[in-house]
Amino acid sequence: MNSNLVTVSNLAESATNNIEKKSYNNIGVAGSITFALFAGMTILKCPTTGEIVPKNDYSKPSYIQYIDLEEKKGLFSVENNKIIDLMKVDNLNKIKKMARFENDWNGTGGSAFSEGAINLFIEIIEMLDKQPGIAPTGRNSLLMQYELDNKSLLAFEVSENKTEKVYVPEGDYSMAQMELFTENVGFRIKESVENFYGFK
Amino acid sequence: MARMSNFIYCINAEKVSANNGQFGGVNAIGVLSALTPEFVPGTFSFSIIFSILDIDISGNNTIQVVFLEQGEEKVLVDSGIITIPPITDAIDIGLPDEYKGVDMSMDLRNVIFETEGLYNTKVYFNGNLLAENPIYVKGKR
């Protein structure tokens, strides 16, 4: 296992207790039930450079182990085992099952997914470091959703021709912001997610 | 025979792209020796990282992660059975078979903790319980 770890103990967190749990039933022939636990993660700025970022709201740690990541060295020398994001694998498996849906798969006239739509969904999920909860719609689109502890919500409805983004700050739907984009969908979603979690 | 290695609880498992574009990595951000939500009862989000070695990655494998209070039957998180497809593009540097495998990460978001105490992550590989990794949960206030 690589030794490029930055560990910090006693991180100060501010979290409100919030949970939203949704279940998606009958995905695909297997009918597996997957629980999507929406994000309640407190905003944590990740030290992408490998340095402990002093502006973060960390309480004084009792112990810090710091190893310089050396950006140039990066992970060139890491010839290690394959890394698997289990949520990504799970999302990709769900999308593959969705690809086998036939018309009226949901009993209310839901259309089968086009090959182009499925390929787009796969491409986007592959790009995302932070995986969303996903759910199919009956209109050849995929819902992707993130939620924070403070009830802030970030959701996308991705279809072949357009993607609609909705951002709800702190559960206040009257302040909801909507955006529509048709190009560079994957990058736009990735950027939105990174901003949402404060990674940038 | 499959075995677990490097099990870590952390605040976030950061996926990192490799400079050469071939191998990525995962960084453990904020390693946790205990889970400390603000309040119990309350919710807490965290991630786990672990490795499974001495396995055949050229075929289908399944994994299931279950998180529950130790000694209790009620499951707080169940990933369900996740099928890991064959991995054919792994670079082989000639590691002994018992040290070949996969590194995995998973986010557990908004887990509800009703009581303080010892909790457990159980990892099942191909239907068999591979390992249990306990951690203590204590509210900050």
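Structure shown above.
Residues numbered from 1 in each chain as written. Chains lettered and ligands numbered in written order. Predicted model: local features only at pLDDT ≥ 70, side-chain atom pairs only at ≥ 80, totals over all residues. Heavy atoms only, no water.

## Details of the nonpolar core
One finds A:Leu86, B:Phe46, B:Phe50 and B:Phe67 to be the most contacted residues of the largest nonpolar core, which totals 36 residues. Secondary-structure elements contributing two or more residues to this core are helix H1 (86-98) of chain A together with strand S1 (3-16), strand S4 (42-53), strand S5 (61-69), strand S7 (82-84), strand S8 (101-113), strand S9 (117-125) and strand S10 (128-137) of chain B. Among all residues touching B:Phe46, those that are not within four sequence positions of it are B:Tyr9, B:Cys10, B:Ile11, B:Leu32, B:Leu35, B:Phe67, B:Met106, B:Asp107, B:Leu108, B:Val111 and B:Phe113. Grouped together as the second largest cluster of nonpolar side chains are 26 residues, A:Ile118, A:Met144, A:Leu148 and A:Tyr197 included. (Core = buried A, V, L, I, M, F, W, Y, C linked by side-chain atoms within 4.5 Å. Buried < 20%, exposed > 50% of the residue type's maximum accessible area, 1.4 Å probe, protein only. Helix = DSSP H or I, 4+ residues; strand = E, 2+ residues; numbered from the N terminus. Contact = heavy atoms within 4.5 Å.)

## Some remarks on the pattern of salt bridges
Under the defined criterion, the tally for this structure stands at 13 salt bridges over all chains. One salt bridge connects A:Lys130 with B:Asp107, and the closest N-O pair in it is separated by 3.4 Å. Linking A:Lys130 in the loop between helix H2 (115-127) and strand S6 (133-136) with B:Asp107 in strand S8, this pair reaches from one chain into another. For the pair A:Lys130 and B:Asp107, a shared accessibility class is recorded, and that class is buried. Two residues, A:Glu179 and A:Arg188, come together in a salt bridge whose shortest N-O distance is 2.6 Å. Taken together, the salt bridges that share partners define one network made up of A:Asp129, A:Lys190 and A:Glu194. (Salt bridge = Lys/Arg side-chain N within 4 Å of Asp/Glu carboxyl O.)

## Re the sheet that holds S1(B)
Ordered by their spatial adjacency, five strands build an open sheet running S5(A)-S8(B)-S4(B)-S1(B)-S2(B), and the pairing between neighbours is mixed. Edge strands, defined here as strands with exactly one partner in the open sheet, are strand S5 (82-85) of chain A together with strand S2 (25-32) of chain B. Here the strands of the sheet are splayed against their neighbours by 45° on average, with no regard to which way each runs. The sheet contact formed by S4(B) and S8(B) spans 11 bridges and is antiparallel. Paired with B:Leu53 across the two strands is B:Gly101, which belongs to S8(B). (Pairing = 2+ DSSP bridges. Axes fitted to C-alpha atoms, helices over the stretch in contact; angles between N-to-C directions.)

## With respect to the environment of A:Ser174
Residues and elements named next belong to chain A. Relative to the helices and strands, Ser174 resides in the loop between strand S9 (163-168) and strand S10 (177-181). We classify Ser174 as exposed; its relative accessible area is 65%. A polar atom in the side chain of Ser174 sits 2.4 Å from the side chain of Asp172. (Polar contact = N/O pair within 3.5 Å; in protein donor to acceptor, adjacent residues only side chain to side chain.)

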